[in-house]
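Each chain, written out:
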Amino acid sequence: KQWYQRRVRGDAVTDHIYKLMEENHKLERIRVPIGVKSSKLASFVFASFDFLQSKKKKLVLINGSGAVKAGQWARSIIINDNLYPGSMLPYLTWAENNNFDALVLNTNESGSRFQGSADPFEHAQTVWDNFLSSIPEKCVYIVAHSFGGVVVQKLIQNNSNFEDIVSKIAFTDSVHMGRLGSETTPSINWVTSSKPVNTRLGGGGASSKRSAGCRDHPWTSHFAMDSIFSWFMEDNIDLVEDNNVSESISMEKADIAETSEEQMGLTEPSTQTEPMSQTKPEATAEPSSQCEPETQTELMSQSEPGTQTEIMSQSQTGRQTGNRREIGPR
């Protein structure tokens, strides 16, 4: 019975995040390989509208292994704590605010029945061939969590044009072993550590390690988020701080926190949760001219609607301490 309840809850989380990515972040669910007609034979990804024709920079998000699906960093956090730090939604909000297209892989939606997605590695290669192999030079920025780092390592080994296309790789506690395989593409692995976030922990050349600011593996993508955003924006010129970015992410958190399990049809009405505090992103900027961006759109105050996803109320009744960020207003 407990296994069944976990399965139902997990499926509800997955479906709701898919809905948020499509309706709030305007991503398209696209079968891969492109052109496969039957959904039974194809895996799928989520991509910004007109991803292949757009000249914007590209943010590519790759989750780890296990039960997590597209849009999720850590299902355990989503179910037991809060949707916001366990999902990729704040990364998508940042991409919108900074005029990036987004591509969300679905490496665990794989298996022998799926054409071009027999396993996570083949899924990623199919996505590379269909979406990324023809992108202009240095216009792709990758964030990969846990086993997603191994997937990226395989992409580097199998694609001679990887270093030409990818500008930077941000890993969050990646489990890849040995040499990454790229000598020129800068990469940082934000790993579990008790040291303050972004503290340098070693490495050299194009690859280095920094502290994610927490000792819990599932939380690293959340804690390292602001440092990753700042590092990505170093490639851009004329950095201008804009409070609209911080405001939009704060609004997203507040609206997500208003959602209860009842709204997902899982439980009886629960106590409304408090929003999670979030450090303000440092800056926004125009995308690099190398990618021939379209006209910069006005920064949006993006928020998730009040009827959104499951936030487990029991975790929001107080503040977390130690390895996790405080939950609730500052």
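Basis of the calculations
- Residues numbered from 1 in each chain as written.
- Predicted model: local features only at pLDDT ≥ 70, side-chain atom pairs only at ≥ 80, totals over all residues.
- Heavy atoms only, no water.
- Helix = DSSP H or I, 4+ residues; strand = E, 2+ residues; numbered from the N terminus.
- Buried < 20%, exposed > 50% of the residue type's maximum accessible area, 1.4 Å probe, protein only.
- Contact = heavy atoms within 4.5 Å.
- Areas by Shrake-Rupley, 256 points an atom, 1.4 Å probe, with all protein chains shown as cover.
- Core = buried A, V, L, I, M, F, W, Y, C linked by side-chain atoms within 4.5 Å.
- Salt bridge = Lys/Arg side-chain N within 4 Å of Asp/Glu carboxyl O.
- Pairing = 2+ DSSP bridges.
- Axes fitted to C-alpha atoms, helices over the stretch in contact; angles between N-to-C directions.
- Parallel < 35°, antiparallel > 145°, perpendicular 65-115°, else oblique.
- Left-handed = near helix turned anticlockwise from the far one by under 90°.
- Phe/Tyr/Trp six-rings, centres within 6.5 Å; stacked < 30°, edge-to-face > 60°.

**So, the overall build of the protein chain**
Looking only at helices and strands, one finds 10 helices and 9 strands in the protein chain. In the protein chain, which comprises 330 residues, the share counted as buried stands at 57%. The contacts of the protein chain with a sequence gap of at least 6 include a subset with a gap of at least 24, amounting to 70%. Carbon and sulfur atoms form 47% of the exposed surface of the protein chain, whose accessible area is close to 14,200 Å².

**Examining the nonpolar core**
Within the largest apolar cluster, 43 residues are counted, with the highest numbers of intra-cluster contacts made by M21, L59, L61, Y91, V104, V143 and F232. Those residues in contact with V104, other than ones at most four positions away along the chain, are M21, L27, V45, F46, L61, A70, G71, M88 and L92.

**Quick notes on the pattern of salt bridges**
Any two side chains of opposite charge can pair if their charged atoms end up close together. The full count for this structure, using the stated rule, is 4 salt bridges. As a salt-bridge pair, R29 and E22 come within 3.3 Å of each other at their nearest N and O atoms. The class of R29 is partly exposed, set by a relative accessible area of 42%.

**Description of the pairing of strand β6 (residues 166-172)**
Moving residue by residue along a regular strand, the side chains alternate between the two faces of the sheet. Of all 7 residues that make up β6, 7 are buried, and the element is covered over most of its length. Where strand β5 (residues 140-145) and β6 come together, 6 bridges link them in parallel fashion. The residue bridging H145 from the neighbouring strand is T172, located in β6. Inspection of the sheet shows β6 paired to strand β7 (residues 187-191) by 4 bridges, in the parallel sense. Paired with F171 across the two strands is N189, which belongs to β7.

**Considering the packing of helix α4 (residues 89-97) against helix α9 (residues 225-233)**
Interaxial distance between α4 and α9 falls to 11 Å at its minimum, and their mutual angle equals 25°. It follows that α4 is roughly parallel to α9 by the angle criterion. Two packed elements cross with a definite hand, and for α4 against α9 that hand is right-handed. Contact with α4, carried on its side by P90, Y91 and W94, involves M225, I228, F229, F232 and M233 of α9 and no other residues of that element.

**Considerations on α9**
Along α9, 9 of the 9 residues are buried, which leaves the element largely enclosed by surrounding structure. What α9 keeps buried is the set M225, D226, S227, I228, F229, S230, W231, F232 and M233.

**Some details on the packing of aromatic side chains**
To describe a pair of aromatic rings, you give the distance between the ring centres and the angle between the ring planes. What the rule picks out here adds up to 16 aromatic pairs. Taking 5.6 Å as the distance between ring centres and 80° as the angle between the ring planes, the aromatic pair formed by Y18 and F44 counts as edge-to-face. Of the two residues, Y18 sits in helix α1 (residues 2-23) while F44 sits in strand β2 (residues 43-48), which places them 26 residues apart along the sequence. No difference in accessibility class separates Y18 from F44, as the two residues are buried.

**A word on the sheet that holds strand β4 (residues 100-104)**
Here we have 9 strands laid out as an open sheet, ordered β1-β2-β4-β3-β5-β6-β7-β9-β8, and mixed in their pairing. The sheet terminates laterally at β1 (27-32) and β8 (200-204), the two strands that pair on one side only. If you compare each strand with its neighbour and ignore which way they point, the axes differ by 20° on average. Bridge count for β2 against β4 is 2 bridges, and the pairing is antiparallel. Residue F46 lies in a different strand from β4, and its bridge partner there is V104. The strands touched by helix α5 (residues 120-132) are β1, β2, β3 (57-62), β4, β5 and β6; relative to β2, the strand with the most contacts, the crossing angle is about 40°. Docked against the sheet, α9 engages β3, β4, β5, β6 and β7, running at close to 170° with respect to β6.

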